[in-house]
Number of protein chains: 2
Amino acid sequence: MPEPAGNRRRGPRRTLTEDQILDAALTLLDEGGSDAASVRGIAAKVGVAPNGVYTYFPDKAAVVKALVERLLGEVDHGIFVDRGQPWRQRVESLALDLRTRLSAHPGVVPLMIGGPMDGPNALALNERLLEVLADAGVDPADAARAAYLLIVYVFGSIALEVADLHQPGPLPPERERIDTRLRAFAATPAERYPHTAAAAAELAGYISTDQYLWGLRRVLDGIATTAARAGEADS
Amino acid sequence: MPEPAGNRRRGPRRTLTEDQILDAALTLLDEGGSDAASVRGIAAKVGVAPNGVYTYFPDKAAVVKALVERLLGEVDHGIFVDRGQPWRQRVESLALDLRTRLSAHPGVVPLMIGGPMDGPNALALNERLLEVLADAGVDPADAARAAYLLIVYVFGSIALEVADLHQPGPLPPERERIDTRLRAFAATPAERYPHTAAAAAELAGYISTDQYLWGLRRVLDGIATTAARAGEADS
DNA sequence: ACCTGAACACCGTTCAAGT
DNA sequence: ACCTGAACACCGTTCAAGT
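In the annotation of an unreviewed UniProt entry, the entry for chain A reads AcrR family transcriptional regulator, and the organism field reads Kribbella shirazensis.

Following this line, the structure appears as structure tokens:
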């Protein structure tokens, strides 16, 4: 809780930083879910009048955009860049890092996929992905599409996972998370949806990260398959 | 435009249907994007006081949920159930049908992935997917995970595609759609993001459905790979 | 330049009526 | 039972001030 109001005069003081505003927004999002970051709430949290925020950002969309960018900037490029590792492992590292970071702030996820991710940090991630795929020997045309496929998978997974919770607050521990998704399956009449009921039984012991990695590996298998039959027509 | 107001008295008349309310919501969503379906807007569109909507739905979330369910109920199970077709083609049919239907209503997409898809029609789709995978000989444990992977891919693709547009109104034609995504790539400094710039060049001629099907086929390849090495440990 | 008070045009939802 | 008017507690944003 930075500055519970009090020491605010009138004149020019440059009391705030853009980052303090983003901190406030993130805190509200973490506490109350994706709708909780109101301009008025943020303003109150940093100890400023509702319209004081507009000194630092042109509108609410800009605040959200900056916050998303800041979060994407936190991913660890280190492991990802290491060419000593096999390419699949490098992609898995990125995917896991991204998931861990975003899962820590589930309220941000709907905002992230609510708009285009075209900031510099988003582009940097895309660039890294393309690098790894190039190192893996995937030809440029396929690499461009494979990178997008991976982005769809990573953000799609996280988005659906967050959606199945319908908020707010931090994500529950792993074990509970998969149960959430299976509750709908298990609650389903086995006569009408026999496969779904069976699937619920099959998945009973699993954990969400297992599902995430399993899917990612299937995607990587698919990409590798294309690389293997290099140059063949696809359709 | 159903009923531009006028003939409304007081007493019990059961003027409206749930479906008329959903129609109004959908129209607003199509015209103004995912934020445009306000309770007040819907009420005005069906010619009722703002709180009149609450006679038919307990709250706005219920309206959204019902609309999503109705949309998911429209998918054509016919082609999908046909066991004469090879399993990959059956999955592709479902995936394409779903994409066509959702792309027609981009404003609904963020609402769809904004909450859990656990209604009967969503479960029915899941059941169908599992049926196809069972027919394909995928073992039940893998099928359960493969079905979720496919769901992630389909809804993730559509969500990101809609997000890259940031609304409102109907989706532009195919040719323009891929250009939207590439604009960010192309506008990027080639010295800092050489792979990204190269990828933009590679994708220049493509169309969004091509990318969608390419990714789907990689996912199917990945699933098939697992089926092929049946029973081996995955990690 | 920075910040405020006040206002504008919106929200979703509730509640005590009226028919 | 169905629908309304009025109100409540919110929104994002603008604008004319004050320092």
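S.K.: Provide a residue-level description of the overall build of chain A, including the pertinent values.
M.R.: Regarding its fold elements, chain A presents 11 helices and zero strands. The linear arrangement of helices and strands in chain A, starting from the amino end, is α-α-α-α-α-α-α-α-α-α-α. Going through the 235 residues of chain A one by one, you find that 50% of them count as buried. When contacts within chain A are restricted to residue pairs at least 6 apart in sequence, long-range pairs at least 24 apart make up 71% of them. Carbon and sulfur atoms provide 54% of the accessible area of chain A, an area that totals close to 10800 Å².

S.K.: Summarise helix 5 (residues 87–103) of chain B; cite the residues concerned and give the values.
M.R.: Taking 1.5 Å of rise per residue, 17 residues should cover 24 Å, and helix 5 of chain B covers 24 Å from first to last C-alpha, within 8% of that figure. Along helix 5 of chain B, the residues classified as buried are B:Trp87, B:Arg90, B:Val91, B:Glu92, B:Leu94, B:Ala95, B:Asp97, B:Leu98, B:Arg99, B:Leu102 and B:Ser103.

S.K.: Let's hear about the relation of the copies chain B and chain A: which residues, and what values?
M.R.: Superposition of the two copies of the chain requires a rotation about an axis and a shift along the axis. Once chain B has been moved 0.0 Å along the axis and rotated by 180°, it coincides with chain A to within an RMSD of 0.0 Å. Here the two chains are linked by the operation of a two-fold rotation axis.

S.K.: Go over the nonpolar core, please, and point to the residues and values.
M.R.: A:Phe155, A:Ile223, B:Phe155 and B:Ile223 are the most contacted members of the largest nonpolar core, which has 144 residues in total. In contact with B:Ile223, not counting residues within four places along its chain, are A:Arg218, B:Trp87, B:Leu133, B:Val138, B:Ala146, B:Leu149 and B:Leu150.

S.K.: Give me the lowdown on the packing of aromatic side chains, citing residues and values where you can.
M.R.: Residue and element names in this part refer to chain A. One pass over the full model with this rule turns up two aromatic pairs over all chains. Here Tyr-153 and Tyr-212 contribute two aromatic rings whose centre-to-centre distance is 5.7 Å and whose plane-to-plane angle is 20°, an arrangement assigned as stacked. In this pair, Tyr-153 is assigned in helix 8 (residues 140–163) and Tyr-212 in helix 11 (residues 208–228), connecting sequence segments 59 residues apart. Its relative accessible area of 4% is what places Tyr-153 among the buried residues. Taking NZ or CZ as reference, Arg-99 lies 4.9 Å from the ring centre of Tyr-212, over its face. One cation-aromatic arrangement involves Arg-218 over Trp-214; the distance from NZ or CZ to the ring centre is 4.9 Å.

S.K.: Give me the lowdown on the UniProt feature "domain: HTH tetR-type" (unreviewed entry) in chain A, citing residues and values where you can.
M.R.: As recorded in UniProt, the feature "domain: HTH tetR-type" (unreviewed entry) lies at residues 15–75 of chain A. Here residues 15–75 of chain A is 59% helix and 0% strand, with 29 Å between the C-alpha atoms at its ends.

S.K.: Tell me about the interface of chain B and chain A, residues and numbers included.
M.R.: Counting residues at the interface gives 60 residues for chain B, matched by 60 residues for chain A. Both faces combined, the contact of chain B with chain A buries some 5200 Å², and carbon together with sulfur accounts for 67% of it. Contact with chain A buries surface across chain B, with B:Arg145, B:Tyr148 and B:Trp214 losing the most and accounting together for 15% of the total. Joining chain B to chain A, the criterion identifies zero salt bridges. Across the contact surface, chain B and chain A share 10 residue pairs in polar contact (both at pLDDT 80 or more). At the level of secondary structure, the elements contributing two or more residues to the side of chain B that touches chain A comprise helix 7 (120–135), helix 8 (140–163), helix 9 (174–186), helix 10 (194–203) and helix 11 (208–228) of chain B. Per element, the largest residue contribution to the side of chain B that touches chain A is 17 residues, and it comes from helix 8 of chain B. For the side of chain B that touches chain A, the residue count by class is 30 nonpolar, 15 polar and 15 charged.

S.K.: A description of the packing of helix 8 of chain A against helix 11 of chain B should follow, citing residues and the corresponding values.
M.R.: Orientation of helix 8 of chain A relative to helix 11 of chain B, taken along the N-to-C sense of each, is 75°, at an axis distance of 10 Å. Looking at the two axes, helix 8 of chain A sits roughly perpendicular to helix 11 of chain B. Contacts between helix 8 of chain A and helix 11 of chain B pair A:Asp142, A:Arg145, A:Ala146, A:Tyr148 and A:Leu149 from the former with B:Gln211, B:Trp214, B:Gly215, B:Arg218 and B:Val219 from the latter. Residue classes in the contact of helix 8 of chain A with helix 11 of chain B are distributed as five nonpolar, two polar and three charged.

S.K.: Describe the pattern of salt bridges, naming the residues involved and giving the relevant values.
M.R.: All names here are of chain A. Taken as a whole, this structure holds 25 salt bridges over all chains when the rule is applied. Notably, a salt bridge pairs Arg-101 with Asp-97, separated by 2.8 Å at the nearest N-O pair. Of this pair, Arg-101 and Asp-97 both sit in helix 5 (residues 87–103), four residues apart, roughly one helical turn. Overall, the relative accessible area of 27% leaves Arg-101 in the partly exposed class.

S.K.: Outline the environment of A:Ile223, supporting the account with residue identities and numerical values.
M.R.: Within the fold, A:Ile223 resides in helix 11. The spacing of A:Ile223 and A:Leu150 is 73 residues in sequence and 9.6 Å in space, taken between C-alpha atoms.

S.K.: How would you sum up helix 10 of chain B? Please name residues and give values.
M.R.: Within helix 10 of chain B the residues assigned to the buried category are B:Thr196, B:Ala199, B:Ala200 and B:Leu203. Buried residues of helix 10 of chain B, viewed axially, fall in a sector of 105°; they line one side.

S.K.: Tell me about the environment of B:Gly119, and please be specific about residues and values.
M.R.: Within the secondary structure layout, B:Gly119 lies in the loop between helix 6 (109–112) and helix 7. As for B:Gly119 and B:Glu69, which are separated by 50 residues in sequence, their C-alpha atoms are 6.3 Å apart.

S.K.: Break down the confidence of the model for chain A for me, citing the residues and quoting the values.
M.R.: Low pLDDT means the predicted coordinates in that region are not meant to be read closely. Averaged over every residue, the pLDDT of chain A is 87; residues scoring 70 or more account for 87%. For the stretch residues 1–9 of chain A, pLDDT sits under 50, and the model shows 11 contacts to residues farther than four places along the chain or on other chains.

S.K.: Describe the side chain of B:Glu161, with residues and values.
M.R.: One can find B:Glu161 in helix 8. Accessibility expressed as a relative area gives 12% for B:Glu161, which makes it buried. Apart from residues no more than four positions distant in its own chain, B:Glu161 is found in contact with A:Tyr148, B:Arg99, B:Arg177 and B:Ser208.

S.K.: Now, about the environment of B:Tyr212: what can you tell me, with residues and values included?
M.R.: We classify B:Tyr212 as buried; its relative accessible area is 3%. Those residues in contact with B:Tyr212, other than ones at most four positions away along the chain, are B:Ala95, B:Leu96, B:Arg99, B:Tyr153, B:Val154 and B:Ser157.

Thresholds applied
- Residue positions within a chain follow its written sequence, with the count starting from 1.
- In the order they appear in the text, chains get letters beginning with A and ligands get numbers beginning with 1.
- A pLDDT threshold of at least 70 governs which residues receive local features in this predicted model, and a stricter bar of 80 or more applies before side-chain atom pairs are shown or counted, although totals over entire chains, interfaces and linings include all residues.
- Only hydrogens and water are set aside; all other atoms, that is, all heavy atoms of the structure, feed into the side-chain values.
- Only DSSP runs of H or I with at least four residues qualify as helices, and only runs of E with at least two residues qualify as strands; both kinds are numbered from the N terminus onward.
- Each residue is placed in one exposure class: buried if its accessible area under a 1.4 Å probe, protein chains only, is under 20% of its type's maximum, exposed if it is over 50%, and partly exposed if it falls in between.
- We call two residues contacting when some pair of their heavy atoms lies within 4.5 Å.
- Accessible surface is estimated by sampling points in the Shrake-Rupley manner with a 1.4 Å probe; for residues, cover comes only from the protein chains shown.
- Every helix has an expected span of 1.5 Å times one less than the residues it contains.
- The copies were overlaid with a least-squares fit restricted to C-alpha atoms from residues scoring a pLDDT of at least 70 in each copy.
- Each nonpolar core is a collection of buried residues, namely Ala, Val, Leu, Ile, Met, Phe, Trp, Tyr and Cys, held together in the definition by side-chain atoms within 4.5 Å.
- Classification of ring pairs rests on two measures: the distance between centres of Phe, Tyr or Trp rings, Trp counted by its six-membered ring, which must be within 6.5 Å, and the angle between planes, read as stacked under 30 degrees, edge-to-face over 60 and tilted in between.
- Two conditions define a charge sitting above a ring: the NZ of Lys or the CZ of Arg must be within 6 Å of the ring centre, and it must be within 35 degrees of the ring normal.
- UniProt positions are given in the numbering used here, feature names are shortened, and annotations may be inferred rather than shown by experiment.
- Once two parts are brought into contact, the accessible area they lose, counted with a 1.4 Å probe and summed over both, makes up the buried area.
- Here, a salt bridge means any Lys or Arg side-chain nitrogen found within 4 Å of an Asp or Glu carboxyl oxygen.
- Whenever a nitrogen or oxygen atom comes within 3.5 Å of another N or O atom, the pair is scored as a polar contact, on the condition that within protein one atom can donate a hydrogen and the other can accept it, and that pairs from neighbouring residues in sequence are kept only if both atoms are in side chains.
- Throughout this entry, Asp, Glu, Lys and Arg are counted as charged residues, while Ala, Val, Leu, Ile, Met, Phe, Trp, Tyr, Cys and Pro are counted as nonpolar. The remaining residues, Gly among them, count as polar.
- Think of each axis as a best-fit line through the C-alpha atoms, taken over the contacting stretch in the case of a helix, with angles from 0 to 180 degrees between the N-to-C directions.
- By definition in this entry, angles of less than 35 degrees are roughly parallel, angles greater than 145 are roughly antiparallel, angles of 65 to 115 are roughly perpendicular, and the rest are oblique.
- This arc corresponds to the set of directions leading from the helix axis out to the C-beta atoms.
- For every residue, the predictor states its confidence as a pLDDT score lying anywhere from 0 to 100.

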